[in-house]
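# A structural walkthrough
Now for the letters of each chain:
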Amino acid sequence: MKVTKYMLFALLSVSSVSAYADAITAQKIADKYAATAKAVDPSYVGLSAEEGKTFFNREVIQFKGDVNNPGKAIACASCHTSNPADPGKHIVTGKAIKPLSPVVNSKRFSSVKDVEKKFTKHCNEVVGSDCTPQEKGNYIAYLLTEKTPSKK
Ligand code: HEC
């Protein structure tokens, strides 16, 4: 009986930790980017959620190598919406995207490897090159501030 109670307690505490684990992991990933940014940039002053927000919403023209057909302007927000605590929608496939903020979606930013892969892919697609460690760190710092889904 005692054992069962203890196990239940252990289970409960594990699940209550995991509700926050992702924001914690996200913070750790942001810290990692911060360390890299600091190592490569002597003028580094820290991560900026403010700049992360600007970056998230900044529209970039998709240049596909054809001056007569420059493509349309898209931002991270085009698919992830301007509130990363909200579900997004893929602008090409129309598929739903779960919220990007690790505060409301515990599955986000749980693996350094996956995050790095997604960043490289999406940065190349949207910005045309990989984002810098500073930009990635700012981005996560910003997402961590978005905790409230919009009222519908
Ligand atoms: C064309 C649509 C689209 C645009 C534009 C877009 N994304 Fe995404 N993004 C997605 C989809 C779809 C997923 C989620 C796949 C999934 O649910 O695992 C995703 C997931 C991510 C993830 C994964 C987080 C995690 O740990 O699960 C990161 C990081 C990310 N996007 C960064 C960016 C950045 C940075 C930009 C802007 C430079 C951007 N995205 C723009 C569609 C987009």
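Now for a description of the structure that goes with this document. This is a predicted model, so every value here is computed, not measured. (Residues numbered from 1 in each chain as written. Predicted model: local features only at pLDDT ≥ 70, side-chain atom pairs only at ≥ 80, totals over all residues. Heavy atoms only, no water.)

### Things to note about the site of the ligand
So the rule is basically this: By convention in this text, a residue qualifies as near a molecule or strand provided that one of its non-hydrogen atoms is within 4 Å of it. Under this definition, polar contacts are N or O atom pairs within 3.5 Å; protein pairs additionally need one hydrogen-donor-capable and one acceptor-capable atom, and for neighbouring residues in sequence, both atoms have to be side-chain atoms. Runs of E in the DSSP output that reach at least two residues are strands. Runs of H or I that reach at least four are helices, and both are numbered from the N terminus. Residue type decides the class: Asp, Glu, Lys and Arg count as charged, Ala, Val, Leu, Ile, Met, Phe, Trp, Tyr, Cys and Pro as nonpolar, and the leftover types, Gly among them, as polar.
Among the 17 residues in the neighbourhood of the ligand, the closest are listed as C76, C79, H80, F109 and H122. A distance of 2.8 Å is found between an oxygen atom of the ligand and a side-chain nitrogen or oxygen belonging to R108. In this structure, H122 approaches the ligand through a side-chain N or O atom, which is 2.7 Å from a nitrogen atom. Secondary structure elements with two or more residues in the shell around the ligand: α3 (76–80) and α4 (112–126). Sorting elements by how many residues they give to the shell around the ligand places α4 first, with 5 residues. Across the shell around the ligand, the residue classes break down as 12 nonpolar, 3 polar and 2 charged.

### Quick notes on unusual backbone geometry
Most of the time, phi is negative for any residue but glycine, and the peptide bond is trans. Located in the positive-phi region is T81, a residue other than glycine, with phi close to 65°. Relative to the assigned elements, T81 resides in the loop between α3 and β3 (88–89). Backbone geometry at F109 places phi at a positive 50°, although glycine is not the residue there.

### A word on the coordination of the iron atom of the ligand
Keep this limit in mind: For Na, K and Ca the donor cut-off is 3.2 Å; for every other metal, N, O and S atoms count as donors within 2.8 Å. Water does not enter the count, which can leave sites looking incomplete. Only four donors with every angle between 85 and 135 degrees are called tetrahedral; only four or six donors with opposite donors over 155 degrees apart and all others between 65 and 115 are called square planar or octahedral, in that order; all others are irregular. Three labels apply to residues, based on accessible area from a 1.4 Å probe with only protein chains included: buried if under 20% of the type maximum, exposed if over 50%, partly exposed otherwise in between.
Within the protein, the iron atom of the ligand binds to H80 (NE2) and H122 (ND1); these donor distances fall in the range 2.1 Å. Bound by 6 donor atoms, the iron atom of the ligand shows angles of 81 to 179° at the metal and therefore octahedral coordination geometry. Placement of the pair is H80 in helix α3 and H122 in helix α4, with a sequence separation of 42 residues. H80 gets classed as buried once you look at its relative accessible area, which sits at 10%.

### Focus on the packing of α4 against helix α5 (residues 133–143)
Which entries qualify depends on this criterion: Only C-alpha atoms enter the line fits that serve as axes; for helices the fit covers just the stretch in contact. Angles between N-to-C directions range over 0 to 180 degrees. Reported orientations rely on four angle classes, namely roughly parallel under 35 degrees, roughly antiparallel over 145, roughly perpendicular from 65 to 115, and oblique for the rest. In what follows, a contact means two residues having at least one pair of non-hydrogen atoms within 4.5 Å.
Closest axis-to-axis distance for the α4/α5 pair is 12 Å, and the angle between their directions is 110°. Our classification of the angle between α4 and α5 gives roughly perpendicular. Contacts between α4 and α5 involve E116, F119 and T120 from the first element and K136, Y139 and I140 from the second. For the contact of α4 with α5, a count of residues per class yields 3 nonpolar, 1 polar and 2 charged.

### With respect to α4
Helical periodicity: at 3.6 residues per turn, an α-helix aligns residues three or four positions apart in one direction. Quick note on the threshold: Expected helix span is taken as 1.5 Å per residue step, with the number of steps being one fewer than the number of residues. The arc refers to the directions leading from the helix axis to the C-beta atoms.
In this model, α4 (15 residues) spans 21 Å end to end at C-alpha, consistent with the 21 Å of a helix rising 1.5 Å per residue. V115, F119, C123 and V126 are the residues of α4 that are buried. When α4 is viewed along its axis, its buried side chains cluster within an angular range of 75° and face the same direction. Opposite the packed face of α4, turned more than 90 degrees from it, sit the exposed residues K113 and K117. Looking one or two residues beyond α4, the residue adopting positive phi is G128, at roughly 95°.

### Digging into the state of the cysteines
Applied cut-off: The criterion for a disulfide is a pair of cysteine sulfur atoms lying within 2.5 Å.
On inspection of all chains with the given rule, the structure shows 1 disulfide. Here C123 pairs with C131 through a disulfide, and the sulfurs are 1.9 Å apart. Between C123 and C131, the S-S torsion sits near -100°, and that sign places the bridge as left-handed.

### Digging into the side chain of D86
The residue D86 is located in the loop between α3 and β3 in this model. Judged by relative accessible area, which is 7%, D86 ranks as buried. A polar side-chain atom of D86 sits 2.5 Å from a polar atom in the side chain of S150.

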